[in-house]
Each structure stands twice: as C-alpha cells, then as structure tokens.
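A look at the structure
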Amino acid sequence: MASAPVTIAPLGATLGEGPMWDVATQTLWCVDIKRHLVFRFDPATAALSSWTAPGEVGWVLPRAGGGMVVGVQSSLYGFDPAGGSFTPLIDPEPHMPGNRLNDATTDAAGRIWFGSMDNGEQAESGRLYRHDHRGCADAGLAPVAITNGPAISPDGTTLYHTDTLGRTVWQVPIRDDGTLGAPTPFVEIAAGEGHPDGSTTDADGGVWVALFGGWGVRHYDPAGTLIETVRFPVANITKIAFGGAGLRTAYATTARKGLSAAELAAQPEAGNLFAFDPGVEGMATHAAKI
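The following refers to the structure shown. (Residues numbered from 1 in each chain as written. Predicted model: local features only at pLDDT ≥ 70, side-chain atom pairs only at ≥ 80, totals over all residues. Heavy atoms only, no water.)

For the rest of this paragraph, the subject is the sheet that holds strand β9 (residues 85-90). A sheet is described by the order of its strands in space; here four strands give the open sequence β6-β7-β8-β9, paired in antiparallel fashion. Looking at strand neighbours, the two that pair on one side only are β6 (57-62) and β9, the edges of this open sheet. Along the sheet, successive strands turn relative to each other by an average axial angle of 30 degrees, direction set aside. Alignment of β6 against strand β7 (residues 68-72), held across five bridges, turns out to be antiparallel. Bridging from a neighbouring strand, V60 pairs with V70 of β7. (Pairing = 2+ DSSP bridges. Helix = DSSP H or I, 4+ residues; strand = E, 2+ residues; numbered from the N terminus. Axes fitted to C-alpha atoms, helices over the stretch in contact; angles between N-to-C directions.)

Okay, here's the thing in structure tokens:
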C-alpha cells in the first residue's frame with residue numbers, strides 16, 4: 001500500500017504540472033503553467049530553482065545531447081538551464097491560435113508524444129502529436145477539448161491517452177514504426193469523482209491516473225482493474241512521476257486553479273509538490289531526440 005502524500009516543496013502553483021525525474025541530476029522538474037514557470041527541486045538538499053518561460057509552459061523533458069525540451073504555449077522549445085535560454089523549435093499548430101500544448105512523454109526510441117488543448121477548455125480542438133526522426137505529425141486520434149496524460153507501457157507497445165473532459169483514459173497500440181492502432185477504453189472516471197489528468201506507468205505496467213477535482217491518484221493494473229486510490233489533502237492532483245533512489249518515490253504536482261477563496265482556505269497545501277511511497281518501482285524518463 002502507498003503511504004500518505006506529504007508536501008516537500010511549497011510551490012503554491014496555480015496549475016502545477018509535468019513532474020519529471022531527471023536521472024542525470026537526481027532532481028525533480030515540474031512547471032506552473034499559468035505562471036510560466038519551470039521548477040527544479042533537489043530532494044537531497046531541498047533546493048528549489050525556477051526559470052520564467054516565454055509563455056504558458058506545459059512540460060519539461062530531458063533532451064538527447066544535453067539540455068531540455070519544453071512545451072511552451074503552442075511550440076516546442078529547447079531549454080538550456082545553465083544559461084536560462086529558451087529557443088523555439090517547432091510549432092505544430094500555427095493555424096490554431098486558441099490552443100496550447102498541455103502534456104507529454106517520451107518512449108524508448110526518443111519519440112515525444114505530446115498533446116494540445118483548447119485554452120478555453122471547451123472546443124474539441126486538442127490533438128495528440130508524435131515527434132520522431134521524420135518530424136512532427138498528428139498521431140491520428142480523434143480531437144478532444146483537453147488532451148492529457150500520454151504515458152507508455154513498459155514494453156513500449158501501448159500508449160495511454162486521456163480525454164479529460166470525456167473522463168476517459170484510452171489505450172492505443174503502438175506499431176513498430178511509431179504509428180498508432182485503434183484506441184479502446186482503458187478506464188472511465190464517473191461523474192463527481194474528478195477528471196482524469198496526467199497518467200504515468202510503473203515498471204509493473206500499472207497505470208497511475210491523477211484526478212483533478214478528485215482528491216487523489218488511482219493506481220490501475222494493466223487490465224484496468226483499480227488496485228488502490230491514494231488520497232491527498234488537496235482536491236486537484238495533476239500528475240505523478242517516479243524518482244528518487246530506485247525510482248521508488250512518487251512525486252505529485254497539484255493546482256490551486258478553480259478553487260474558491262473558501263476552498264483555498266480549507267486546502268492550504270493546494271498547488272504544492274507532494275511525495276509518497278507508492279510501493280512499486282517506476283521507470284526512467286527517456287531523453288527526447290530532437
């Protein structure tokens with residue numbers, strides 16, 4: 001059984017997202033989308049660093065050859081933490097000014113799987129993209145208002161893709177060439193139990209789904225059976241990442257967004273970075289080849 005989550009860094013994020021463990025530096029990275037901030041947290045020293053991105057920043061991933069790649073507003077950027085510079089690389093949706101990038105992951109081949117969303121959270125204009133050696137392309141899934149939580153199974157054959165407003169996590173076969181097969185429902189979250197946000201997979205193939213407005217993170221087995229729900233003292237959990245020694249610590253980002261003054265008073269830890277013992281081992285994040 002997982003332990004109770006505790007705050008490890010008081011970020012107070014408006015919309016904390018994208019936790020990612022960097023094995024090379026043994027640090028945890030995450031973002032605050034609405035405040036345009038990229039964070040690095042060192043659990044060994046509790047040191048917290050931040051950088052201001054040139055727009056709403058959805059995620060940060062390690063980049064092959066050094067540095068990072070981040071999703072900022074509508075484009076992929078190269079990010080150099082040492083110098084603090086952000087360099088635009090690719091804009092997959094120049095014709096969609098109302099969209100922004102939201103969540104991402106990488107696979108063992110170095111491909112980046114990332115989604116866009118309607119920044120107004122209404123129109124079904126969000127799409128899932130794949131970036132690989134051939135460039136950036138629409139992955140071919142049906143558009144939704146908010147794409148979320150792309151996650152990859154340990155054997156690299158399944159993509160988990162979330163339609164947040166549709167309250168559904170889909171499982172999608174990944175072919176050898178990186179194209180996708182037909183999606184089928186993996187889990188559906190009932191009305192009133194929160195919205196599925198970011199997803200993460202562990203070394204056993206388990207899928208961990210963060211619940212925005214659901215006060216917890218759900219752990220499912222590869223067949224979609226609920227194993228456990230980890231309860232939080234805050235309502236909006238956005239995503240977890242495995243890190244620390246043996247990749248056996250779960251780090252979780254949370255959000256203050258959408259909470260009333262009374263709710264914020266009742267949830268003083270909302271927006272903080274949390275950690276807990278998940279009872280399982282995670283997988284290392286692969287560097288993006290871009």
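Now, onward.
Relative to strand β5 (residues 47-52), strand β4 (residues 37-42) runs antiparallel, the two sharing six bridges. Bridged to F41 within β5 is L48. Connecting β4 to the antiparallel partner β5 that follows it, the hairpin turn spans four residues, and A46 within it adopts a positive phi of roughly 65 degrees.

The next thing to look at is the environment of V38. By the secondary structure assignment, V38 is in strand β4. For V38 and G83, which are 45 residues apart along the polypeptide, the C-alpha to C-alpha distance reads 14 Å. Beyond its immediate sequence surroundings of up to four residues, V38 is in contact with W29, C30, V31, S49, S50, W51, V57, F79 and F86. (Contact = heavy atoms within 4.5 Å.)

All told, the structure shown has 10 salt bridges when counted by the stated rule. Here K34 makes a salt bridge to E56, at a shortest N to O gap of 3.1 Å. Taken together, the residues K34 in the loop between β3 (27-32) and β4 and E56 in the loop between β5 and β6 connect sequence positions 22 residues apart. Here R218 and E193 are joined by a salt bridge, their closest N and O atoms 2.7 Å apart. With R218 in strand β20 (residues 216-220) and E193 in the loop between β17 (184-188) and β18 (195-201), this pair connects stretches of sequence that are 25 residues apart. Each member of the salt-bridge network shares a partner with another, and the members are K34, E56 and R100. (Salt bridge = Lys/Arg side-chain N within 4 Å of Asp/Glu carboxyl O.)

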